[in-house]
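Overview (structure and organization)
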Amino acid sequence: MDHIHAFVHRLQHDRDLRARFEADPASVLGDQPFSDDERAMLDAGDFGALGALGMHPLAQMVYGLARHPAMIEQISFRDYLGDLTEEPR
Amino acid sequence: MSIVGGFATAHIMMKRGSAGAAGERVFAGMKEIGRRIRALSPDLIVIISSDHYYNFRIGHAPRVAIAASDVLEPFGDMQLPRDPLPGWADYALAFASAARGAGLPVEVLTDYRPDHGVVIPALVADPQRRTPILPVIIDTGGEAMPEPREAWALGTVLRQLADVRPERVVVVGTGGLSHWLGVPEMGRVNEAFDRRVIDTLIAGRGEALTNWAAADVRAEGGNGGLEIVNWVMMAATLPGCTGEQVYYEALPEWVTGMGGIELFAGRERVAA
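The present account deals with the structure reproduced in this document. (Residues numbered from 1 in each chain as written. Chains lettered and ligands numbered in written order. Predicted model: local features only at pLDDT ≥ 70, side-chain atom pairs only at ≥ 80, totals over all residues. Heavy atoms only, no water.)

Looking at the overall build of chain B
- Tallying secondary structure elements over chain B gives seven helices and ten strands in all.
- Taken along its principal axes, the extent of the C-alpha atoms in chain B is 50 × 45 × 35 Å.
- When burial is assessed residue by residue, chain B has 64% of its 272 residues classed as buried.
- Put simply, of all contacts in chain B between residues at least 6 apart along the chain, 81% involve residues at least 24 apart.
- Surface summary for chain B: the accessible area is close to 9500 Å², and the carbon and sulfur share equals 50%.
- Taking the average location of the 25 positive side-chain charges in chain B and that of its 32 negative ones, the two points are 4 Å from each other. (Helix = DSSP H or I, 4+ residues; strand = E, 2+ residues; numbered from the N terminus. Buried < 20%, exposed > 50% of the residue type's maximum accessible area, 1.4 Å probe, protein only. Contact = heavy atoms within 4.5 Å. Areas by Shrake-Rupley, 256 points an atom, 1.4 Å probe, with all protein chains shown as cover. Lys, Arg positive; Asp, Glu negative; His and termini not counted. Charge placed at Lys NZ, Arg CZ, Asp CG, Glu CD.)

If you want it as structure tokens, here you go:
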């Protein structure tokens, strides 16, 4: 599992890899040293599959955001920021 | 000076509007905590949080890390701004030295990048980013779970350090309350657990939480609920001090119990 967690970590820190993954996840997964089963579950990318894979719960969150970028809208803080900056000092 | 205030708060918010009025009450509570922090005019805000594996690789994270940097560049997760936050490297190094002197292993980070667990509390406390922050990161997601008694010991060291320095320090424990992430129970909220944690702390009895084992906390509060050790460390900086709940909502929509409290410096519990 450490090899998968290492890949998830790289997705956070390597902007080029992240961009390529978001554009074509199957291709990027195909380049990784994963088994066919691992690749299929990572490509599915739902929590059930990632959990079955044995991925750490927090890695599931991080990976889920990379695999399904639209998820960011569900955990965005953006709409609160304006209210905070108007708070009294 | 010393510790002039202690707070605890959730460190995440989901999409605005997705939890209706309850979500707005949580945000109102967070803003109230921010106002109270600013009213204390702190020179330093210590933020105790968790890394959500943005900085660390799973299985390779230090048990406790202290960010020693004068400028902290946020990761930008959760669509948070990447504008830098002021840190205080010298204070962080003094704390790390004191912790090690007390036999508590801590790692010093000079390249730590705050994720939402630090950035949201920091912006709530000081939206103008003027007051230095000192992030303390406890690996609550690690396989070797941090024990509440370890967090208490670390908080005690921080209090002792603050007692002999001139700065006004506010401490904010963040995260929690009960939540289960990436496991079949995801979505469950244990309100009874959440209220027990809050009631124990605001009664000035935070040290009683050190009788809990981390495994028990995780069983009752979920794998994410172990973040209450961040609250326990905060409580140790104001031992015996009472406080009040600022907000609480059980929010299955956000898969967590969301709570915030203040402990009042100098308002010690009266023994029964």
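Comments concerning the layout of surface pockets
- Approximately 980 Å³ is the volume found for the largest pocket.
- Take the lining of the largest pocket: its biggest share by element is five residues, from helix H6 (residues 57-67) of chain A.
- The residue inventory of the lining of the largest pocket, partitioned by class, reads 22 nonpolar, 15 polar and seven charged.
- Here the second largest pocket is characterised by a volume of approximately 480 Å³.
- Around the second largest pocket, the lining comprises 18 residues; the ones closest to its centre are A:Gln12, A:Arg18, B:Phe75, B:Gly76 and B:Arg82.
- Contributing elements (two or more residues each) for the lining of the second largest pocket: helix H1 (2-13) and helix H2 (15-23) of chain A.
- Here the residues of the lining of the second largest pocket sort into seven nonpolar, four polar and seven charged. (1 Å grid on protein atoms, 1.4 Å probe; cavity = no way out; pocket = protein on both sides within 12 Å on 5 of 7 lines; lining within 4 Å. Points joined across faces, edges and corners; volume = space filled by probe spheres on them. Nonpolar A, V, L, I, M, F, W, Y, C, P; charged D, E, K, R; others polar.)

Examining the pairing of strand S8 (residues 169-174) of chain B
Residues and elements named next belong to chain B.
- Within S8, six of the six residues are buried, leaving the element largely enclosed by the surrounding structure.
- Where burial is concerned, the two faces of S8 agree: the one with Val169, Val171 and Gly173 and the one with Val170, Val172 and Thr174 are both buried.
- Judged from the six bridges that link them, strand S1 (residues 3-9) and S8 form a sheet pairing that is parallel. Within S8, the position partnered with Ala8 by the bridge is Gly173.
- Across five bridges, the pairing between strand S2 (residues 44-49) and S8 is parallel. Across the sheet, residue Ile45 finds its bridge partner in S8, namely Val170. (Pairing = 2+ DSSP bridges.)

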